[in-house]
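# What the coordinates show
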Amino acid sequence: MVCDFVLPLRQYEIWEPDKNLNKSLVVLDLNGDGRSNLTVSHKTLAGFVGLRSFNVTGFDHVTIRSQGVLKNVRTNFMVTISRVHQLYLDTNAFHPNDGTVDVLVEDCDVVRLGSEVVFKLQSFAFRRIGALHLSKNTFKNAGMGSPIKQMILEDLTADKLPSYAFYTSIDLLSITNCKFGTIERKAFPINDIGNATLTNVTVNLMESEAFQNSALINNLRMTRCNIHELQSDAIMSVVQNIIIEQSEKHTNPPEDVQKLNFSQNFTLGLAVRWRSTMK
């Protein structure tokens, strides 16, 4: 069963459990008019045992409170949120008791996430976000003992990636066309990253130990990246293979790149420019 709600103009909706809704519901779409507000309350989806997909689009403000998306499904569960002016995901917003969850947030103006927003996460993608605000421990233990398969950030701006924001292991980390003010110390602390790809990324400041020495990165590729200030020991992770192409940094002497902890291979692209502004 597919259920599609269209909310009236300028109505403020607090959506709570309704025992009369069909428990055989498989796909739930909530479509707003661009000026409606939506709040998903505590354990709203808990009773819908057959639900596999929850989609929200076209709202002014959306808030998903703690355990708003609490599921008991044993298979994968998909959440898609798009075309929202302001989105807030509370601590523990997505909590499948069984199975895993994939989350896609796209085409939103402002997105704010609390700490530990999701458990048993399989993938999380941010695409075309005007302003992304993460918290300390946003993705702490998000995989619940297993690595997150994919973490994707595309076409977005964030004032900072705060300390411990990505306190989890990730198979694939892809960051494309993004601008960050500061990547704070220990933004990527104790974790393993299989493949990390940064393409056309601008960073004003990467603090010391942004990638902590207790982390392992199998493959790191940086293409057309611009780091205005790279503090000493910013990338302390053990990196097995690294490729840097057509990229620039504007502080610290070029030889500082050798301070990275490479365990195997290091390749510089032909057009790489680790440019120093220091006299």
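Within every chain, residues take consecutive numbers counted from 1 along the sequence as written. Local features in this predicted model are restricted to residues of pLDDT 70 or higher, and side-chain atom pairs are both shown and tallied only at a pLDDT of 80 or more, whereas totals for entire chains, interfaces and linings draw on every residue. With hydrogens and water excluded, all non-hydrogen atoms of the structure serve as input to the side-chain values.

## Thoughts on the overall build of the protein chain
Secondary structure is summarised from DSSP: a helix means a run of H or I of at least four residues, a strand means a run of E of at least two, and numbering begins at the N terminus for each. Within the protein chain, the secondary structure is distributed over 0 helices and 18 strands. In this scheme, a residue with accessible area under 20% of its type's maximum is buried, one over 50% is exposed, and one in between is partly exposed, where area comes from a 1.4 Å probe on protein chains only. Expressed as a percentage of its 279 residues, the buried residues of the protein chain come to 50%.

## Concerning the confidence of the model for the protein chain
Every residue carries a pLDDT, the predictor's confidence in it, which falls somewhere between 0 and 100. Taken over all residues, the pLDDT of the protein chain has a mean of 80, while the share at 70 or more is 78%. Taken element by element, the predicted model of the protein chain shows its lowest mean pLDDT in strand β18 (residues 261-268) (42) and its highest in strand β9 (residues 101-113) (96). Residue contacts are defined here by distance: any two heavy atoms, one from each residue, within 4.5 Å place the two residues in contact. Residue range residues 1-11 is modelled with pLDDT below 50. Its contacts to residues more than four positions away, or to other chains, number 35 contacts. Every residue in residues 253-279 scores below 50 in pLDDT, and together they form 61 contacts with partners more than four places removed in sequence or on other chains.

## Comments concerning the side chain of Thr199
By secondary structure assignment, the location of Thr199 is in strand β13 (residues 192-206). Here Thr199 falls in the buried class, since its relative accessible area comes to 16%. Among all residues touching Thr199, those that are not within four sequence positions of it are Ile175, Thr176, Asn177, Thr223, Arg224 and Cys225.

## Side note on the nonpolar core
In this structure, Phe126, Phe139 and Phe180 are the most contacted members of the largest nonpolar core, which totals 73 residues. Segment limits for the domains were obtained from an automatic or database-derived domain assignment. Two domains each put at least three residues into this core: domain 1 (1-126) and domain 2 (147-247). As used in this record, nonpolar core signifies buried Ala, Val, Leu, Ile, Met, Phe, Trp, Tyr and Cys residues forming a set joined through side-chain atoms within 4.5 Å.

## A closer look at the pairing of β9
The element β9 is extensively covered by neighbouring structure, given that 10 of its 13 residues are classed as buried. One requirement defines pairing of two strands: DSSP has to find at least two bridges between them. Sheet analysis places strand β7 (residues 77-89) next to β9, joined by 10 bridges and oriented parallel. Considered in β9, the bridge of Met78 is made with Asp102. Where β9 and strand β10 (residues 121-133) come together, 10 bridges link them in parallel fashion. By the bridge assignment, Glu106 is partnered in β10 with Arg127.

## Quick notes on the pattern of salt bridges
Salt bridges are identified by distance alone: a Lys or Arg side-chain nitrogen within 4 Å of an Asp or Glu carboxyl oxygen. All told, the structure shown has 6 salt bridges when counted by the stated rule. In this structure, Arg128 and Asp107 form a salt bridge, with 2.6 Å as the shortest nitrogen-oxygen distance. Within this pair, whereas Arg128 is found in strand β10, its partner Asp107 is found in strand β9, the two being separated by 21 residues in sequence. Classification of Arg128 as partly exposed rests on a relative accessible area of 38%. Take Asp107: its relative accessible area is 32%, and that puts it in the partly exposed class. In this structure, a network of salt bridges that share partners links the residues Glu106, Asp107 and Arg128.

## With respect to the pairing of strand β5 (residues 53-64)
By the criterion of burial, β5 is predominantly enclosed, with 9 of the 12 residues buried. Both strand β3 (residues 27-31) and β5 contribute to a ladder of 5 bridges, which runs parallel. Residue Asp29 lies in a different strand from β5, and its bridge partner there is Asn55. Looking at chain direction, strand β4 (residues 37-40) and β5 are connected through 4 bridges and run parallel. Counted as the bridge partner of Thr39 is Thr63 from β5. Relative to β7, β5 is paired through 10 bridges, and the arrangement is parallel.

## Considerations on the packing of aromatic side chains
Between the rings of Phe, Tyr and Trp (Trp by its six-membered ring), a pair exists once the centres lie within 6.5 Å; its type follows the angle of the planes, with under 30 degrees stacked, over 60 edge-to-face, and the other angles tilted. Summed over the entire model, instances satisfying the criterion amount to 7 aromatic pairs. Ring centres of Phe124 and Phe139 lie 5.3 Å apart, and the angle between their planes is 80°; on these two criteria the pair is classed as edge-to-face. Highlighted residues: Phe124 in strand β10 and Phe139 in the loop between β10 and β11 (148-161), separated in sequence by 15 residues. Each member of the pair, Phe124 as well as Phe139, is classed as buried. Seen in terms of ring centroids, Tyr164 and Tyr167 are 5.5 Å apart; in terms of plane orientation they differ by 40°. Their pairing is tilted. A relative accessible area of 22% means that Tyr164 is categorised as partly exposed.

## Quick word on the environment of Arg127
Along the chain, Arg127 falls in strand β10. For Arg127, a relative accessible area of 24% puts it in the partly exposed group. Distance from Arg127 to Asp155, taken between C-alpha atoms, is 5.9 Å for residues 28 residues apart in sequence. Ignoring anything within four residues of it in the chain, the contact list for Arg127 reads Leu104, Val105, Glu106, Asp107, Ile152 and Glu154.

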